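One-letter residues, chain by chain:
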Amino acid sequence: MSEENNTKDYIVTATAADYHIRAFACTTRNICEESRRLHNTSPVMSAALGRTLTAAAMMSIMMKGDGDKLTIQIKSDGPSGGLTVCADSHGNVKGYTPVPDCIVPAHDNGHLGVSTAIGNGDLIVVKDLGLKEPYVGRIALQTGEIAEDITYYFAVSEQTPSSVGLGVLMNRDNTVRCSGGFIIQLMPDASDEDISVIENNLKSLKSVTEMLDAGMTPEDMIEEVLKGLDVRFNDRYDTAYKCDCSRDRVEAVLVSLGEKEITDFIKAGKDVEIHCDFCDTDYVFNPDELTEILKKSRALKK
(Lines give C-alpha, C1' and ligand atoms only; values in the text may rest on other atoms or scores of the structure.)
Protein backbone atom coordinates (compact mmCIF):
# COMPACT_ATOMS: atom_id res chain seq x y z
CA MET A 1 0.00 0.00 0.00
CA SER A 2 1.38 3.41 -0.96
CA GLU A 3 2.25 6.08 1.60
CA GLU A 4 -0.39 8.36 0.09
CA ASN A 5 -3.09 5.76 0.72
CA ASN A 6 -1.83 5.46 4.30
CA THR A 7 -2.24 9.15 5.04
CA LYS A 8 -4.96 10.62 2.85
CA ASP A 9 -8.69 9.99 3.10
CA TYR A 10 -10.29 9.12 -0.20
CA ILE A 11 -13.24 7.38 -1.87
CA VAL A 12 -13.13 5.07 -4.88
CA THR A 13 -16.00 4.01 -7.12
CA ALA A 14 -16.29 0.89 -9.22
CA THR A 15 -18.68 -1.22 -11.24
CA ALA A 16 -18.82 -4.98 -11.63
CA ALA A 17 -20.73 -7.76 -13.38
CA ASP A 18 -21.05 -5.82 -16.63
CA TYR A 19 -22.24 -2.64 -14.83
CA HIS A 20 -25.01 -4.49 -12.97
CA ILE A 21 -23.35 -3.64 -9.65
CA ARG A 22 -21.87 -0.37 -8.44
CA ALA A 23 -19.54 0.01 -5.50
CA PHE A 24 -18.08 2.71 -3.27
CA ALA A 25 -15.36 2.33 -0.66
CA CYS A 26 -13.31 4.74 1.41
CA THR A 27 -10.78 5.27 4.12
CA THR A 28 -11.68 8.04 6.58
CA ARG A 29 -9.22 7.94 9.47
CA ASN A 30 -8.39 11.64 9.24
CA ILE A 31 -12.06 12.63 9.07
CA CYS A 32 -12.95 10.59 12.12
CA GLU A 33 -9.90 11.71 14.09
CA GLU A 34 -10.67 15.38 13.32
CA SER A 35 -14.24 14.83 14.48
CA ARG A 36 -12.98 13.19 17.67
CA ARG A 37 -10.52 16.04 18.28
CA LEU A 38 -13.05 18.80 17.68
CA HIS A 39 -15.79 17.32 19.82
CA ASN A 40 -13.65 15.43 22.35
CA THR A 41 -15.89 12.42 21.88
CA SER A 42 -15.89 9.30 24.01
CA PRO A 43 -14.80 6.12 22.17
CA VAL A 44 -18.38 5.00 21.56
CA MET A 45 -19.39 8.38 20.16
CA SER A 46 -16.21 8.56 18.06
CA ALA A 47 -17.40 5.30 16.51
CA ALA A 48 -21.04 6.36 16.09
CA LEU A 49 -20.20 9.72 14.57
CA GLY A 50 -17.32 8.27 12.56
CA ARG A 51 -19.47 5.57 10.98
CA THR A 52 -22.09 8.14 9.98
CA LEU A 53 -19.49 10.55 8.59
CA THR A 54 -18.06 7.68 6.54
CA ALA A 55 -21.48 6.76 5.14
CA ALA A 56 -22.20 10.42 4.32
CA ALA A 57 -18.87 10.78 2.51
CA MET A 58 -19.73 7.92 0.15
CA MET A 59 -23.34 9.02 -0.27
CA SER A 60 -22.21 12.57 -1.05
CA ILE A 61 -20.50 11.59 -4.28
CA MET A 62 -23.66 9.84 -5.45
CA MET A 63 -25.07 13.35 -5.88
CA LYS A 64 -24.31 15.04 -9.19
CA GLY A 65 -25.00 18.76 -8.76
CA ASP A 66 -22.18 21.09 -7.76
CA GLY A 67 -24.25 22.64 -4.96
CA ASP A 68 -26.05 19.49 -3.78
CA LYS A 69 -26.17 18.90 -0.02
CA LEU A 70 -26.81 15.83 2.09
CA THR A 71 -27.83 15.60 5.74
CA ILE A 72 -28.08 12.42 7.80
CA GLN A 73 -29.85 12.87 11.12
CA ILE A 74 -30.46 10.32 13.84
CA LYS A 75 -33.23 11.32 16.23
CA SER A 76 -33.31 8.79 19.02
CA ASP A 77 -33.97 8.21 22.70
CA GLY A 78 -30.53 6.86 23.61
CA PRO A 79 -28.07 8.58 25.96
CA SER A 80 -26.15 10.01 22.97
CA GLY A 81 -29.05 12.32 22.09
CA GLY A 82 -28.69 11.31 18.42
CA LEU A 83 -26.39 12.96 15.91
CA THR A 84 -26.28 15.07 12.75
CA VAL A 85 -23.92 14.77 9.79
CA CYS A 86 -23.79 16.97 6.67
CA ALA A 87 -21.95 16.56 3.37
CA ASP A 88 -21.60 18.33 0.04
CA SER A 89 -21.15 16.77 -3.38
CA HIS A 90 -17.37 17.27 -3.22
CA GLY A 91 -16.78 14.79 -0.41
CA ASN A 92 -16.59 17.35 2.41
CA VAL A 93 -18.32 16.20 5.60
CA LYS A 94 -19.00 17.55 9.08
CA GLY A 95 -21.00 16.37 12.06
CA TYR A 96 -21.80 16.65 15.75
CA THR A 97 -23.62 14.92 18.57
CA PRO A 98 -25.26 16.71 21.52
CA VAL A 99 -23.70 14.38 24.10
CA PRO A 100 -20.14 13.81 22.87
CA ASP A 101 -18.94 12.35 26.18
CA CYS A 102 -21.64 9.67 26.29
CA ILE A 103 -20.32 6.44 27.84
CA VAL A 104 -22.16 3.11 27.75
CA PRO A 105 -21.07 -0.50 28.44
CA ALA A 106 -19.42 -2.43 25.63
CA HIS A 107 -21.31 -5.31 24.02
CA ASP A 108 -20.65 -8.84 25.24
CA ASN A 109 -18.32 -9.41 22.25
CA GLY A 110 -16.17 -6.47 23.37
CA HIS A 111 -17.30 -4.13 20.60
CA LEU A 112 -18.25 -0.55 21.42
CA GLY A 113 -21.92 -0.21 22.38
CA VAL A 114 -22.97 2.08 19.55
CA SER A 115 -26.52 0.69 19.40
CA THR A 116 -26.92 1.24 23.15
CA ALA A 117 -25.74 4.84 22.85
CA ILE A 118 -28.08 5.49 19.91
CA GLY A 119 -31.19 3.72 21.23
CA ASN A 120 -34.51 3.68 19.38
CA GLY A 121 -35.70 6.32 16.96
CA ASP A 122 -35.48 7.39 13.33
CA LEU A 123 -32.83 7.88 10.68
CA ILE A 124 -33.58 10.80 8.39
CA VAL A 125 -31.79 11.54 5.12
CA VAL A 126 -32.32 14.96 3.52
CA LYS A 127 -31.01 15.65 0.03
CA ASP A 128 -31.05 19.26 -1.16
CA LEU A 129 -30.61 18.88 -4.92
CA GLY A 130 -31.48 22.45 -5.85
CA LEU A 131 -35.14 21.64 -6.51
CA LYS A 132 -38.15 23.43 -5.06
CA GLU A 133 -38.31 21.00 -2.12
CA PRO A 134 -35.58 18.76 -0.72
CA TYR A 135 -35.94 14.99 -0.81
CA VAL A 136 -36.56 13.57 2.67
CA GLY A 137 -36.33 9.87 3.47
CA ARG A 138 -37.18 8.63 6.96
CA ILE A 139 -36.93 5.12 8.38
CA ALA A 140 -37.19 3.62 11.86
CA LEU A 141 -33.81 2.60 13.22
CA GLN A 142 -33.36 -1.16 12.83
CA THR A 143 -30.34 -1.80 15.04
CA GLY A 144 -28.66 1.52 15.88
CA GLU A 145 -25.39 0.12 14.51
CA ILE A 146 -25.52 2.64 11.60
CA ALA A 147 -24.43 0.33 8.74
CA GLU A 148 -27.53 -1.85 9.03
CA ASP A 149 -29.73 1.24 9.27
CA ILE A 150 -28.19 2.82 6.15
CA THR A 151 -28.69 -0.52 4.35
CA TYR A 152 -32.36 -0.49 5.34
CA TYR A 153 -32.70 3.15 4.27
CA PHE A 154 -31.44 2.37 0.76
CA ALA A 155 -33.85 -0.57 0.45
CA VAL A 156 -36.94 1.23 1.74
CA SER A 157 -36.49 4.88 0.74
CA GLU A 158 -34.49 4.53 -2.48
CA GLN A 159 -35.56 1.01 -3.51
CA THR A 160 -31.91 0.09 -4.08
CA PRO A 161 -30.79 -3.25 -2.60
CA SER A 162 -27.46 -2.50 -0.91
CA SER A 163 -24.86 -3.86 1.43
CA VAL A 164 -23.16 -1.32 3.70
CA GLY A 165 -20.08 -1.91 5.83
CA LEU A 166 -18.74 0.76 8.20
CA GLY A 167 -16.10 0.66 10.89
CA VAL A 168 -14.05 2.80 13.27
CA LEU A 169 -11.20 1.27 15.27
CA MET A 170 -9.81 3.16 18.27
CA ASN A 171 -6.32 3.18 19.74
CA ARG A 172 -5.78 2.67 23.47
CA ASP A 173 -5.28 6.43 23.85
CA ASN A 174 -8.76 6.94 22.31
CA THR A 175 -7.46 8.36 19.03
CA VAL A 176 -8.73 6.83 15.80
CA ARG A 177 -6.54 4.00 14.50
CA CYS A 178 -8.41 3.42 11.24
CA SER A 179 -11.87 3.89 9.77
CA GLY A 180 -13.70 3.49 6.51
CA GLY A 181 -16.39 1.56 4.76
CA PHE A 182 -18.04 0.32 1.60
CA ILE A 183 -21.43 0.47 -0.12
CA ILE A 184 -22.35 -2.17 -2.69
CA GLN A 185 -25.52 -1.58 -4.71
CA LEU A 186 -27.43 -3.83 -7.10
CA MET A 187 -28.80 -2.32 -10.27
CA PRO A 188 -32.26 -3.47 -11.44
CA ASP A 189 -30.81 -5.94 -13.97
CA ALA A 190 -28.40 -7.70 -11.57
CA SER A 191 -28.72 -11.46 -12.00
CA ASP A 192 -29.45 -14.04 -9.32
CA GLU A 193 -25.99 -15.48 -9.97
CA ASP A 194 -24.35 -12.08 -9.29
CA ILE A 195 -26.34 -11.70 -6.08
CA SER A 196 -25.36 -15.20 -4.96
CA VAL A 197 -21.66 -14.44 -5.49
CA ILE A 198 -21.88 -11.27 -3.38
CA GLU A 199 -23.80 -13.04 -0.62
CA ASN A 200 -21.15 -15.76 -0.44
CA ASN A 201 -18.35 -13.19 -0.41
CA LEU A 202 -20.02 -11.28 2.42
CA LYS A 203 -20.35 -14.43 4.53
CA SER A 204 -16.57 -14.85 4.68
CA LEU A 205 -15.72 -11.13 4.70
CA LYS A 206 -13.72 -9.74 7.60
CA SER A 207 -14.94 -6.57 9.28
CA VAL A 208 -14.08 -3.21 7.74
CA THR A 209 -11.70 -2.37 10.59
CA GLU A 210 -9.98 -5.77 10.34
CA MET A 211 -9.38 -5.22 6.64
CA LEU A 212 -8.13 -1.65 7.04
CA ASP A 213 -5.96 -2.48 10.05
CA ALA A 214 -4.36 -5.26 8.01
CA GLY A 215 -3.31 -2.65 5.44
CA MET A 216 -6.06 -3.12 2.87
CA THR A 217 -7.05 -0.12 0.74
CA PRO A 218 -10.58 0.86 -0.35
CA GLU A 219 -9.73 -0.77 -3.69
CA ASP A 220 -8.78 -3.97 -1.89
CA MET A 221 -12.07 -3.98 0.03
CA ILE A 222 -14.09 -3.67 -3.17
CA GLU A 223 -12.06 -6.47 -4.78
CA GLU A 224 -12.77 -8.64 -1.75
CA VAL A 225 -16.53 -7.99 -1.62
CA LEU A 226 -16.92 -8.35 -5.40
CA LYS A 227 -14.46 -11.20 -5.89
CA GLY A 228 -15.28 -13.10 -9.09
CA LEU A 229 -17.40 -10.32 -10.63
CA ASP A 230 -14.97 -8.51 -12.98
CA VAL A 231 -14.45 -5.30 -11.03
CA ARG A 232 -13.70 -2.11 -12.96
CA PHE A 233 -12.56 0.93 -11.01
CA ASN A 234 -13.83 4.31 -12.12
CA ASP A 235 -13.06 7.44 -10.10
CA ARG A 236 -11.21 8.47 -6.97
CA TYR A 237 -12.27 11.41 -4.81
CA ASP A 238 -10.61 13.15 -1.90
CA THR A 239 -12.78 13.40 1.20
CA ALA A 240 -12.22 15.51 4.30
CA TYR A 241 -13.79 16.92 7.44
CA LYS A 242 -14.59 20.50 6.49
CA CYS A 243 -16.96 23.00 8.07
CA ASP A 244 -18.10 25.76 5.73
CA CYS A 245 -19.08 28.22 8.44
CA SER A 246 -17.44 31.67 8.45
CA ARG A 247 -17.92 35.04 10.09
CA ASP A 248 -19.54 36.37 6.90
CA ARG A 249 -22.03 33.49 6.84
CA VAL A 250 -22.94 34.04 10.49
CA GLU A 251 -23.32 37.77 9.85
CA ALA A 252 -25.70 36.97 6.98
CA VAL A 253 -27.79 34.90 9.38
CA LEU A 254 -27.95 37.84 11.81
CA VAL A 255 -29.00 40.16 8.98
CA SER A 256 -31.79 37.75 8.05
CA LEU A 257 -33.19 37.88 11.59
CA GLY A 258 -34.64 41.30 10.85
CA GLU A 259 -34.55 44.75 12.36
CA LYS A 260 -36.44 44.01 15.59
CA GLU A 261 -34.26 41.09 16.67
CA ILE A 262 -31.02 42.96 15.96
CA THR A 263 -32.30 46.09 17.72
CA ASP A 264 -33.11 44.01 20.81
CA PHE A 265 -29.56 42.66 20.82
CA ILE A 266 -28.15 46.20 20.62
CA LYS A 267 -30.42 47.49 23.41
CA ALA A 268 -29.18 44.69 25.67
CA GLY A 269 -25.72 46.26 25.37
CA LYS A 270 -23.94 42.92 25.39
CA ASP A 271 -21.93 40.92 22.92
CA VAL A 272 -23.81 38.30 20.92
CA GLU A 273 -22.05 34.96 20.70
CA ILE A 274 -23.02 32.37 18.08
CA HIS A 275 -21.55 28.89 18.31
CA CYS A 276 -20.99 26.45 15.42
CA ASP A 277 -21.65 22.91 16.64
CA PHE A 278 -19.82 21.36 13.69
CA CYS A 279 -16.39 22.91 14.24
CA ASP A 280 -16.69 24.25 17.81
CA THR A 281 -16.04 27.85 16.70
CA ASP A 282 -17.53 30.85 18.50
CA TYR A 283 -18.38 34.04 16.59
CA VAL A 284 -18.72 37.15 18.78
CA PHE A 285 -20.36 40.40 17.66
CA ASN A 286 -20.15 43.51 19.88
CA PRO A 287 -22.86 46.24 19.94
CA ASP A 288 -20.97 48.42 17.43
CA GLU A 289 -20.75 45.52 14.98
CA LEU A 290 -24.43 44.77 15.54
CA THR A 291 -25.24 48.37 14.67
CA GLU A 292 -23.52 47.93 11.32
CA ILE A 293 -25.43 44.69 10.78
CA LEU A 294 -28.66 46.57 11.56
CA LYS A 295 -27.84 49.05 8.79
CA LYS A 296 -27.41 46.16 6.36
CA SER A 297 -30.72 44.68 7.45
CA ARG A 298 -32.49 48.01 6.85
CA ALA A 299 -30.82 48.39 3.47
CA LEU A 300 -32.27 45.07 2.36
CA LYS A 301 -35.77 46.44 2.85
CA LYS A 302 -35.20 49.37 0.51
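Whatever comes next refers back to the structure up there.
So, how was this worked out
- Residues numbered from 1 in each chain as written.
- Predicted model: local features only at pLDDT ≥ 70, side-chain atom pairs only at ≥ 80, totals over all residues.
- Heavy atoms only, no water.
- Phe/Tyr/Trp six-rings, centres within 6.5 Å; stacked < 30°, edge-to-face > 60°.
- Helix = DSSP H or I, 4+ residues; strand = E, 2+ residues; numbered from the N terminus.
- Buried < 20%, exposed > 50% of the residue type's maximum accessible area, 1.4 Å probe, protein only.
- Lys NZ or Arg CZ within 6 Å of the ring centre and 35° of its normal.
- Pairing = 2+ DSSP bridges.
- Contact = heavy atoms within 4.5 Å.
- Axes fitted to C-alpha atoms, helices over the stretch in contact; angles between N-to-C directions.

Engineer: Which parts of the structure should I look at to understand the packing of aromatic side chains?
Structural biologist: Between two aromatic rings, the relevant description is the distance of the centres plus the angle of the planes. If you walk through the whole model with that rule in mind, you get two aromatic pairs. Arranged with centres 5.1 Å apart and planes meeting at 85°, the rings of tyrosine 96 and phenylalanine 278 form a pair that is edge-to-face. Note that tyrosine 96 is positioned in strand β5 (residues 92–96) and phenylalanine 278 in the loop between β12 (272–276) and β13 (281–285), a separation of 182 residues in sequence. The class of tyrosine 96 is partly exposed, set by a relative accessible area of 23%. Using a relative accessible area of 15% as the deciding quantity, one classes phenylalanine 278 as buried. The aromatic ring of phenylalanine 278 is capped on one face by lysine 94, whose charged end is 4.6 Å from the ring centroid.

Engineer: How should I be thinking about the sheet that holds strand β6 (residues 121–128) in this particular structure?
Structural biologist: Hydrogen bonding along the main chain pairs the strands of a sheet, whether they run parallel or antiparallel. Strand order in the open sheet formed by six strands is β7-β6-β3-β4-β5-β11, and the pairing between neighbours is mixed. Across the chains shown, the open sheet's two edge strands, defined by having one partner strand only, are β7 (135–140) and β11 (240–241). Both β5 and β11 contribute to a ladder of two bridges, which runs parallel. By the bridge assignment for β11, asparagine 92 is matched with alanine 240. Running at roughly 120° to β7, helix α5 (residues 147–157) makes contact with β3 (69–76), β6 and β7 of the sheet.

Engineer: Hey, could you run me through the sheet that holds strand β2 (residues 21–27) in this one?
Structural biologist: In space, the five strands of this open sheet follow the order β8-β9-β2-β1-β10, with antiparallel pairing throughout. In this open sheet, the two strands that pair with only one neighbour each are β8 (162–170) and β10 (232–238). Pairs of neighbouring strands in the sheet enclose a mean axial angle of 10°, with direction left out of account. The pairing of strand β1 (residues 10–16) with β2 spans seven bridges and is classified as antiparallel. Along β2, the bridge assignment pairs tyrosine 10 with threonine 27. Relative to the sheet, helix α2 (residues 29–39) contacts β2, β8 and β9 (176–186), its axis offset from that of β9 by approximately 125°. Seen against the sheet, helix α3 (residues 43–60) touches β1, β2, β8 and β9 and runs at an angle of roughly 140° to β8.

Everything listed here is a matter of geometry and, on its own, says nothing about what the molecule does.
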